[in-house]
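Here is how the chains run, residue by residue.
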Amino acid sequence: MMDKNHVKIYSTGRYIPPNRVSNHDLTSWMDTSDEWIVKRTGIRSRYLSRGDNTSDLCIKAAHNVLEGSHVNADEIGLIIVATMSPDGQSPSVASKVQSAIQAGQAMAFDMNAACSGFVYALSTAEKILRHAPYSYALVLGGEVMSKEIDWTDRKTAVLFGDGAAGVLIGKTDESDQFISEDLHANGDKGEALTSGNRKVDNPLIQSDKSVSYLTMDGREIFNFVTRSIPDSIQKVIEDGETEIEDIDYFLLHQANARIIEIVAKKLKRPIEAFPMNIQNYGNTSAASLPILLDELAKDRTVLNGKKQKIILSAFGGGLTWGTLLLEIN
Ligand code: ACO
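Residues numbered from 1 in each chain as written. Predicted model: local features only at pLDDT ≥ 70, side-chain atom pairs only at ≥ 80, totals over all residues. Heavy atoms only, no water.

Caption draft 1: Structural context of the nonpolar core. Ranked by internal contacts, the top residues of the largest apolar core, which has 44 residues, are Ile233, Phe250, Val263, Phe274, Ile311 and Phe315. The element best represented in this core is helix H7 (residues 218-239), accounting for eight residues. Residues from two domains meet in this core; each of domain 1 (7-171) and domain 2 (178-328) gives at least three. Look past the residues within four positions of Ile233 in its chain and what remains in contact with it is Phe250, Leu252, Val263, Leu267, Ile311, Ser313 and Thr323. Membership of the second largest hydrophobic core comes to 36 residues, among which are Ala132, Val167, Leu293 and Ala297. (Core = buried A, V, L, I, M, F, W, Y, C linked by side-chain atoms within 4.5 Å. Buried < 20%, exposed > 50% of the residue type's maximum accessible area, 1.4 Å probe, protein only. Helix = DSSP H or I, 4+ residues; strand = E, 2+ residues; numbered from the N terminus. Domains from an automatic or database assignment. Contact = heavy atoms within 4.5 Å.)

See below:
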């Protein structure tokens, strides 16, 4: 008999658009250098879409997630797509995924918490699932950040990349994998990262119809992250009644290698426990953590049958941040 209150990760998957753009390639479009980008961020390349929109990437990632499971799409009751770069306001990316994979029984919606989106969505899906009459939920993070960027602004253009990935979670009679969490927002600092703003434009007031590109106060976010993320990680460890030495891997949002190094140092844990792929993909916002998780699952570093404690921690626009402690196998 399945314990209806226990939830686990069943499978992971990803889809990265095929067009790799190196730092060197960027220097033909803007005044930047491989040296500056590597030194300040750790990024060496990113993948940019040649026209596939966020739903196209998410649909391919969803197929990959399902291929790795024994679950049929019509057993899924919930689809959440975390994204800050949806195709449009309606239909949602999640609805397009629901249609494409023929998840006929699923409710579907998008969630926007910028780069924290996947952690927010996973936490939300896990809670809905515990009380739902169905057994499985699909949680994706997908972004085409390249369409949100002002390609004349070198301060942001070099940082972001496109991609999608996700997980299938479901009920289980094994032990619960979701141990503790810590999620926050600080809207007072919301202007530190803005994107896609649209002014009111109607018969009563005429204004600029254009949608604005992404702006970021990198310093502000850097400082906020290096202060708040170590505390958030400590909090889930304490609430999860475990010790920091017992955490196998700390999966941090891949925004900047320097941020990850500082967090590792503050927590006094070896950098090897903080897997990174930012060098390949840049910052893929809500897709960043599930891409990393899928890479680690595919090379059997995690989700390999062995019990492991992992941290998922993300931060970004909103400002938002959040950390989950999972005990996976
Ligand atoms: N190439 C060359 N030079 C550059 C570039 C570039 N691409 N970009 C900026 N510079 C120059 C600047 O003009 C500046 O020159 P100046 O001193 O002559 O004015 C100098 O480099 C330093 O610029 P800073 O912006 O101060 O560089 P900093 O060391 O702060 O690094 C960075 C910037 C990488 C953005 C860093 O602040 C950062 O990573 N912040 C965190 C971002 C983050 O985590 N975001 C997550 C949220 S994203 C989301 O939610 C979608």
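Structure's up, so let's keep going.
Caption draft 2: The arrangement of the pairing of strand E13 (residues 320-328) in detail. Most of E13 is tucked away: eight of the nine residues are buried. Where strand E8 (residues 178-185) lies against E13, seven bridges are found, and the strand directions are antiparallel. For Leu183, the partnering residue across the bridge sits in E13 and is Gly322. The sheet contact formed by strand E12 (residues 308-316) and E13 spans nine bridges and is antiparallel. In the strand pairing of E13, Ile310 is matched with Leu326. (Pairing = 2+ DSSP bridges.)

Caption draft 3: Layout of the domain arrangement of the chain. When the domains of the chain are assigned, the result is domain 1 (7-171) and domain 2 (178-328). One C-alpha centre belongs to domain 1, the other to domain 2, and the line joining them spans 14 Å. For the domain 1 face of the interface with domain 2, the top three residues by lost area are Arg14, Cys115 and Val119, together amounting to 17%. Between the two partners, domain 1 and domain 2, sit two salt bridges. One salt bridge connects Arg14 with Asp294, and the closest N-O pair in it is separated by 2.8 Å. Going through the elements one at a time, strand E1 (7-15), helix H2 (34-41), strand E3 (45-47), helix H5 (117-130), strand E6 (136-144) and strand E7 (162-171) are the ones with two or more residues in the side of domain 1 that touches domain 2. Per-element accounting of the side of domain 1 that touches domain 2 gives the leading share, nine residues, to H5. (Buried area = accessible area lost by both parts, 1.4 Å probe. Salt bridge = Lys/Arg side-chain N within 4 Å of Asp/Glu carboxyl O.)

Caption draft 4: Quick look at the sheet that holds strand E5 (residues 107-111). The strand order across the open sheet formed by five strands is E1-E7-E6-E4-E5, and the pairing between neighbours is mixed. Since the sheet does not close on itself, it has two edges, and those belong to E1 and E5, each with one partner. On average, each strand axis in the sheet is tilted by 15° relative to the strand beside it, whichever way the strands run. Sheet topology places strand E4 (residues 76-82) next to E5; five bridges connect them, and they run parallel. When the sheet's bridge partners are listed, Ile80 is paired in E5 with Phe109. Strands E1, E6 and E7 of the sheet are contacted by helix H10 (residues 288-298), whose axis makes an angle of about 100° with E1. (Axes fitted to C-alpha atoms, helices over the stretch in contact; angles between N-to-C directions.)

Caption draft 5: Here's a closer look at unusual backbone geometry. In this structure, the amide linkage connecting Ser90 to the following residue, Pro91, adopts the cis form with an omega of -5°. Within the fold, Pro91 resides in the loop between E4 and helix H4 (93-100). Residue Leu319 is bonded to the preceding Gly318 through a cis peptide linkage, with omega at -15°. Tracing the backbone shows Leu319 in the loop between E12 and E13. Of note, Glu241 is a non-glycine position whose phi angle comes to about 50°, a positive value. For Glu241, the location among the structural elements is in the loop between H7 and strand E11 (249-252). Despite not being glycine, Ser285 has its phi angle at roughly 50°, a positive value. Look at Ser285 and you get buried, because its relative accessible area is 1%.

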